[in-house]
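Architecture and fold: a report
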2 protein chains.
Amino acid sequence: MSAKIRLYVEHPLGAGQSIPLEKEQAHYLFGVMRQRLGGAVALFNGFDGEWQAEVTEAGKRGGTLTCVAQSKTLQMPPDLWLIFAPIKKARTDFIVEKAAEMGAARILPVGTDYTNSERIRQDRLQAHAVEAAEQCGGTYVPEVCDLQKLSQLLDHWPDERQLMFCDEAEVGQRRFLEVARGSAGPEGGREAPALGGGTGADRSASEPFGKLSLQPWAILIGPEGGFSDKERKRLHAMAQAHVVSLGPRILRADTAAVAAMTLWQQTLGDW
Amino acid sequence: MSAKIRLYVEHPLGAGQSIPLEKEQAHYLFGVMRQRLGGAVALFNGFDGEWQAEVTEAGKRGGTLTCVAQSKTLQMPPDLWLIFAPIKKARTDFIVEKAAEMGAARILPVGTDYTNSERIRQDRLQAHAVEAAEQCGGTYVPEVCDLQKLSQLLDHWPDERQLMFCDEAEVGQRRFLEVARGSAGPEGGREAPALGGGTGADRSASEPFGKLSLQPWAILIGPEGGFSDKERKRLHAMAQAHVVSLGPRILRADTAAVAAMTLWQQTLGDW
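Residues numbered from 1 in each chain as written. Chains lettered and ligands numbered in written order. Predicted model: local features only at pLDDT ≥ 70, side-chain atom pairs only at ≥ 80, totals over all residues. Heavy atoms only, no water.

Once that is clear, we can look at the overall build of chain A. When you go through chain A residue by residue, the secondary structure sums to seven helices and twelve strands. Buried positions account for 57% of the 271 residues belonging to chain A. Taking the contacts inside chain A whose residues are at least 6 apart along the sequence as the reference set, 75% of them involve residues at least 24 apart. Of the roughly 12300 Å² of accessible surface on chain A, a fraction of 49% belongs to carbon and sulfur atoms. (Helix = DSSP H or I, 4+ residues; strand = E, 2+ residues; numbered from the N terminus. Buried < 20%, exposed > 50% of the residue type's maximum accessible area, 1.4 Å probe, protein only. Contact = heavy atoms within 4.5 Å. Areas by Shrake-Rupley, 256 points an atom, 1.4 Å probe, with all protein chains shown as cover.)

Take a look at the structure:
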């Protein structure tokens, strides 16, 4: 049976490997979770998959876990960035948590023309991402970057990274499925198999997303105050940008982040 | 120009119609939002669409708005229920807010075998749904039902209502797109058009979802403690149930609610 407690550690994992616990981890395991010698804990470090480990030393200020057997291989998320403009603390926390659960590889808070250059606590947000990864059974923790200006991020935008750009001004206009298909280019021109009998169960495997499915992507969630005209013009002019609608209602930033990642994961990602 | 302030009122709306304000609404409009005589407010009541109105009387304890012109017709959401097991207060509030934004018609909190029969404040949750509808530009407020037992809800389950059942035990197994296609029955057996050139922009219009797209639906989000074996067996035995996976990671209930509604809205709903 696999352990119910999952811990992220910054230490190599492997058969027989001992992992020293830091004070906080020991407090959590032995104080809060009441683990004792022989107790089972699942560990992951973002590199070596998930390992079942046993408590082999328990103290007030430390302890040791020993790896027993690997329970999951490393599952890297697809190369997807989530870019968003932080506003209120609680919603920013939620967006980071959701991005980790939904399988973003990197989380990038940005300042935009209409958001005050609100400070963020990068270390606190990173801790949220760790907690979400522990909770959701993932074997990878997305990196939370420091706050940067959207304009600077776009100044150094990588050529091949596609951008799903959720623009409130496009409410109800363009569905992601059609965007991913319609922009697929010549490589996407394979003929789809004819469907009969209403089964079509593996049709998705042959959907003509072409090269878009092989490229790195980013999702940009509009700030609650909207983009400025200058920002909107610049984004629309980018060759990598794909404007996508998230339905007829205006979604809050945290709702939009989950909805956009769902569309992406279902269409091009690991769902 | 349309008003930035949107208010839900329980009063008929129409050209020249006067709407008396309650004390709380007057406080919000004149105290908090600093509106004065002649100020613009958008109104909706769940029946008459959205109307632009003008402040024609302003006082400390009341006031009057007068409808000028209709700015949106009524947009009813698709007949989709969201069923979930409330746990912590903040996450329950979020789920109700998200369900309103995402376009659920009705929100049903349920007690399950593994959730304590936590009380809910139906009136508070309904107020959250109103606020979310005001915020997202919708013209409809979903009804929040009182807490009931899942087993009782299933005892009286309507024959024709399909159920999208998000089971953590099915992590990474069944994608909603295939579920909606594969279960479409004989009516769903139309032949899909062959796709060429990678455009296929209106292919979605002919996707063979058949009768499933014409029926009422419900989404059931698993409680954080999971379903009991008894519940799982009963759900799997229902003719209306369609088990759906939400990807390889385990999502929290509020994340799962948004992700499931996104899949449904994109495939069968109003996106």
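Right, picking up where we left off after that structure.
This brings us to the pattern of salt bridges. On inspection of all chains with the given rule, the structure shows 32 salt bridges over all chains. Here B:Glu97 and A:Arg91 are joined by a salt bridge, their closest N and O atoms 2.8 Å apart. Here B:Glu97 is found in helix α2 (residues 89–102), whereas its partner A:Arg91 is found in helix α2 (residues 89–102) on a different chain. Judged by its relative accessible area of 7%, B:Glu97 falls in the buried class. Several salt bridges share partner residues, and in doing so they unite A:Arg91, A:Arg252, A:Asp254, B:Glu97, B:Lys98 and B:Glu101 into one network. (Salt bridge = Lys/Arg side-chain N within 4 Å of Asp/Glu carboxyl O.)

A few words on the pairing of strand β3 (residues 40–44) of chain B. Residue and element names in this part refer to chain B. Taken across its five residues, β3 has four buried, putting it largely inside the fold. Inspection of the sheet shows strand β1 (residues 6–8) paired to β3 by three bridges, in the parallel sense. Each bridged residue has a counterpart across the sheet, and for arginine 6 the counterpart in β3 is alanine 42. Bridging between β3 and strand β4 (residues 50–58) involves five bridges; their strand directions are antiparallel. Looking at the pairing, phenylalanine 44 lines up with glutamate 50 of β4. (Pairing = 2+ DSSP bridges.)

Turning our attention to the side chain of B:Thr112. Residue and element names in this part refer to chain B. Examined against the element boundaries, threonine 112 turns out to sit in the loop between β7 (106–111) and α3 (122–136). For threonine 112, a relative accessible area of 7% puts it in the buried group. In this view, threonine 112 contacts Ala85, Leu150, Pro223 and Glu231; residues no more than four positions away in its chain are not counted.

This brings us to the packing of α2(B) against helix α7 (residues 253–267) of chain B. All names here are of chain B. For the pair α2 and α7, interaxial distance at closest approach is 9 Å and the crossing angle is 10°. Overall, the two elements α2 and α7 adopt an arrangement that is roughly parallel. For α2 against α7, the interelement crossing comes out right-handed. Touching Arg91, Ile95, Lys98, Ala99 and Met102 of α2 are Ala253, Asp254, Ala257, Val258, Met261, Thr262 and Gln265, all from α7. (Axes fitted to C-alpha atoms, helices over the stretch in contact; angles between N-to-C directions. Parallel < 35°, antiparallel > 145°, perpendicular 65-115°, else oblique. Left-handed = near helix turned anticlockwise from the far one by under 90°.)

Here we take up the sheet that holds β1(B). All names here are of chain B. Pairing is mixed across the open sheet formed by five strands, whose spatial order is β1-β3-β4-β5-β2. What marks the edges here is a single partner per strand, and that holds for β1 and β2 (18–20). Taken pair by pair, the neighbouring strands of this sheet meet at an average axis angle of 40°, ignoring direction. Of the strands in this sheet, β1 and β3 touch α3, which is tilted by about 145° from β1.

Let us look at the side chain of B:Asp93. All names here are of chain B. Structurally, the position occupied by aspartate 93 is in helix α2. Here the side chain of aspartate 93 touches arginine 124 through a polar contact of 3.3 Å, side chain to side chain. Apart from the residues within four sequence positions on either side, aspartate 93 is in contact with Arg124, Leu125 and His128. (Polar contact = N/O pair within 3.5 Å; in protein donor to acceptor, adjacent residues only side chain to side chain.)

Here we take up the packing of aromatic side chains. Throughout the structure, instances matching the rule amount to seven aromatic pairs over all chains. Where B:Phe165 meets B:Phe227, the ring centres are 5.3 Å apart and the plane angle is 70°; that geometry is what we call edge-to-face. Placement of B:Phe165 in strand β10 (residues 162–166) and of B:Phe227 in the loop between β11 (217–221) and α6 (229–237) is noted, with a sequence separation of 62 residues between them. Here B:Phe227 falls in the buried class, since its relative accessible area comes to 5%. Seen from the ring of A:Trp81, A:Arg161 lies directly overhead, with NZ or CZ sitting 3.8 Å from the centre. (Phe/Tyr/Trp six-rings, centres within 6.5 Å; stacked < 30°, edge-to-face > 60°. Lys NZ or Arg CZ within 6 Å of the ring centre and 35° of its normal.)

With that settled, consider a nonpolar patch on the surface. There is a patch of nonpolar side chains on the surface, built from A:Tyr28, A:Val32 and A:Met33 and spanning about 250 Å² of accessible area. Among the structural elements, A:Tyr28 can be located in helix α1 (residues 23–32). (Patch = residues over 30% accessible without salt bridge, like charges linked within 9 Å, V, L, I, M, F, W, Y side chains within 5 Å.)

What follows concerns unusual backbone geometry. All names here are of chain A. Within the chain, arginine 34 stands out as a residue other than glycine whose phi angle is a positive 55°. By the element assignment, arginine 34 lies in the loop between α1 and β3 (40–44). When its relative accessible area of 61% is taken as the criterion, arginine 34 is described as exposed.

Our next topic: the confidence of the model for chain A. All names here are of chain A. Per-residue pLDDT for chain A averages 84, and the proportion of residues at 70 or more is 84%. Across residues 183–208, where pLDDT falls below 50, the model places 49 contacts with residues more than four positions away in sequence or in other chains. Our summary of model confidence lists the complex with pTM equal to 0.85 and ipTM equal to 0.83. (pLDDT = per-residue confidence, 0-100.)

Residues and elements named next belong to chain B. Compared with the 21 Å implied by 1.5 Å per residue over 15 residues, the 21 Å span of α3 between its first and last C-alpha is a close match. Buried within α3 are the following residues: Leu125, Gln126, Ala129, Val130, Ala132, Ala133, Glu134 and Cys136. Buried-residue contacts for α3 involve β1, β3, α2 and β8 (143–144). Two residues or fewer after α3 comes glycine 137, characterised by a positive phi angle close to 85°. (Expected span 1.5 Å × (residues − 1).)

Time to look at the sheet that holds strand β5 (residues 63–72) of chain A. Residue and element names in this part refer to chain A. Reading across from one edge, β1-β3-β4-β5-β2 is the order of the five strands in this open sheet, with mixed pairing throughout. In the strand order of this sheet, the two ends are held by β1 (6–8) and β2 (18–20), each with one partner. Adjacent strand axes in the sheet meet at a mean angle of 40° when their direction is disregarded.

With respect to the element layout, A:Ala237 can be found in helix α6 (residues 229–237). Each C-alpha atom, one on A:Ala237 and one on A:Glu134, is 39 Å from the other, the two residues being 103 residues apart in sequence.

Moving on: the environment of A:Thr73. Residues and elements named next belong to chain A. Tracing the sequence through the fold places threonine 73 in the loop between β5 and β6 (80–84). For threonine 73, a relative accessible area of 53% translates into the label exposed. Separated by 23 residues in the primary sequence, threonine 73 and glutamate 50 place their C-alpha atoms 6.3 Å from one another. Sequence-distant contacts of threonine 73, defined by excluding residues within four places in its chain, comprise Gly49 and Thr139.

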